Amino acid sequence: MGLYGEQVLPRIINLACGMATGNPLRERVCAGLVGDVVEIGFGSGLNVPFYPTAVTQVAAIEPSDLGWKLAGARVSASPVRVERSGLDGQLLPFDDATFDCAVSTWTMCTIPDLDAALAQVRRVLRPGGTLHFIEHGLAPDASVARWQRRLEPVQKRLFGGCHLTRQIVGRVEDAGFTIKEIDTFYEEGAPKVMGADSLGVAVN
């Protein structure tokens, strides 16, 4: 990844994604988590304070060593046991039907092979298990979507492969999940090109 990807970008993401305006959204996403949970794109652990008491343990998937280091204080303070358990969401090191829930927050935009990652999530979820997510993606308004397409090449270079135009809900459905709940909106305080969010729960 180079110096920028290894040492600079995780700090930028920690600051940008750690803004207080995102906390209510993280709380909504995490509210229904129960039992054994796998979190894809754990980052610096910004979801940790919002894990419900119904969560037994969390397997954190995070490729960045610095991201995991930045998560240290949050993980240490968590009443829920959290272990770094893998580096790649496209190849999860778990047996089939291991988890009750999976959670992904602003992660599906950067995974190189999203279809492979979603197939892995389905595989490790138990039947009836749920994927809880908030992700940004292709905007519903044509004028915003045009700007997303123009800016995406720069966005990908600056932010670790982050795509602006992925149709997240459709990709989740195409992977075989059934959407149980969905809310689509522009995130308050974010530029529309980066803040066209989908927050939902999908059933395996």
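Residues numbered from 1 in each chain as written. Predicted model: local features only at pLDDT ≥ 70, side-chain atom pairs only at ≥ 80, totals over all residues. Heavy atoms only, no water.

**Considerations on the overall build of the chain**
Looking only at helices and strands, the chain features seven helices and seven strands. Secondary structure elements in the chain, listed N-terminal to C-terminal, are α-α-β-β-α-α-β-β-α-β-α-α-β-β. In terms of overall size, the chain behaves like a compact globule, its C-alpha atoms giving a radius of gyration of 16 Å where 204 residues would be expected to give roughly 17 Å. Sorting the 204 residues of the chain into buried and exposed places 46% on the buried side. Counted over contacts in the chain with a minimum sequence separation of 6, partners at least 24 positions apart contribute 68%. A total accessible area of about 9,900 Å² is found for the chain, and carbon and sulfur atoms account for 56% of it. Charge separation in the chain, taken as the distance between the mean sites of 19 positive and 23 negative side-chain charges, equals 5 Å. (Helix = DSSP H or I, 4+ residues; strand = E, 2+ residues; numbered from the N terminus. Rg over C-alpha atoms; globule rule 2.2 N^0.38 Å. Buried < 20%, exposed > 50% of the residue type's maximum accessible area, 1.4 Å probe, protein only. Contact = heavy atoms within 4.5 Å. Areas by Shrake-Rupley, 256 points an atom, 1.4 Å probe, with all protein chains shown as cover. Lys, Arg positive; Asp, Glu negative; His and termini not counted. Charge placed at Lys NZ, Arg CZ, Asp CG, Glu CD.)

**Considerations on the environment of Gly-5**
Here Gly-5 lies in helix H1 (residues 2-17). In this structure Gly-5 comes out as buried when scored by relative accessible area, which is 8%.

**A short note on the pairing of strand S5 (residues 125-136)**
S5 sits mainly inside the fold: nine of its twelve residues count as buried. Where strand S4 (residues 99-105) lies against S5, six bridges are found, and the strand directions are parallel. Bridge pairing in S5 links Ser-104 to Phe-133. As a crossover connection, the stretch from S4 through helix H5 (residues 114-124) into S5 is right-handed. (Pairing = 2+ DSSP bridges. Right-handed = clockwise from strand over helix to strand, strands pointing away.)

**So, the packing of aromatic side chains**
Following the criterion strictly, the structure yields two aromatic pairs and no others. Here the aromatic rings of Phe-42 and Trp-68 are separated by 5.5 Å at their centres, their planes lie at 50°, and the arrangement is tilted. A residue pair is termed long-range when its members are at least 10 positions apart, and Phe-42 in the loop between strand S1 (35-40) and strand S2 (55-61) and Trp-68 in helix H3 (residues 65-70) qualify at 26 residues. The class for Phe-42 is buried, based on a relative accessible area of 3%. Ring geometry for Phe-94 against Phe-99: centres 4.8 Å apart, planes inclined by 85°, an arrangement best described as edge-to-face. With respect to class, Phe-94 is no different from Phe-99; both count as buried. Lying across the ring of Phe-177, Arg-122 places its NZ or CZ 5.8 Å from the centre. (Phe/Tyr/Trp six-rings, centres within 6.5 Å; stacked < 30°, edge-to-face > 60°. Lys NZ or Arg CZ within 6 Å of the ring centre and 35° of its normal.)

**Notes on unusual backbone geometry**
The phi angle at Ala-97 is positive, at roughly 55°, despite the residue not being glycine. As for its position among the elements, Ala-97 is in the loop between strand S3 (81-86) and S4. Overall, the relative accessible area of 35% leaves Ala-97 in the partly exposed class. Phi is positive for Trp-106, close to 50°, though the residue is something other than glycine. Among the structural elements, Trp-106 can be located in the loop between S4 and H5. Judged by relative accessible area, Trp-106 falls into the buried class, the value being 16%.

**Side note on the side chain of Thr-105**
Along the chain, the position of Thr-105 falls in strand S4. The class for Thr-105 is buried, based on a relative accessible area of 6%. One polar contact links Thr-105 to Arg-26, side chain to side chain, over a distance of 3.4 Å. Of the polar contacts made by the side chain of Thr-105, one reaches the side chain of Asn-47; its length is 2.9 Å. (Polar contact = N/O pair within 3.5 Å; in protein donor to acceptor, adjacent residues only side chain to side chain.)

**Section: the nonpolar core**
One finds Val-38, Phe-94, Met-108, Val-121, Leu-131, Val-172 and Phe-177 to be the most contacted residues of the largest nonpolar core, which totals 22 residues. At the level of elements, S1, S2, S4, H5, S5 and helix H7 (168-174) are the ones that each hand at least two residues to this core. With near-sequence residues (within four places) excluded, Val-121 lies in contact with Ile-40, Leu-92, Ala-102, Leu-131 and Phe-177. By size, the runner-up hydrophobic cluster in this structure holds 20 residues, among which are Val-29, Cys-30, Val-37 and Cys-101. (Core = buried A, V, L, I, M, F, W, Y, C linked by side-chain atoms within 4.5 Å.)

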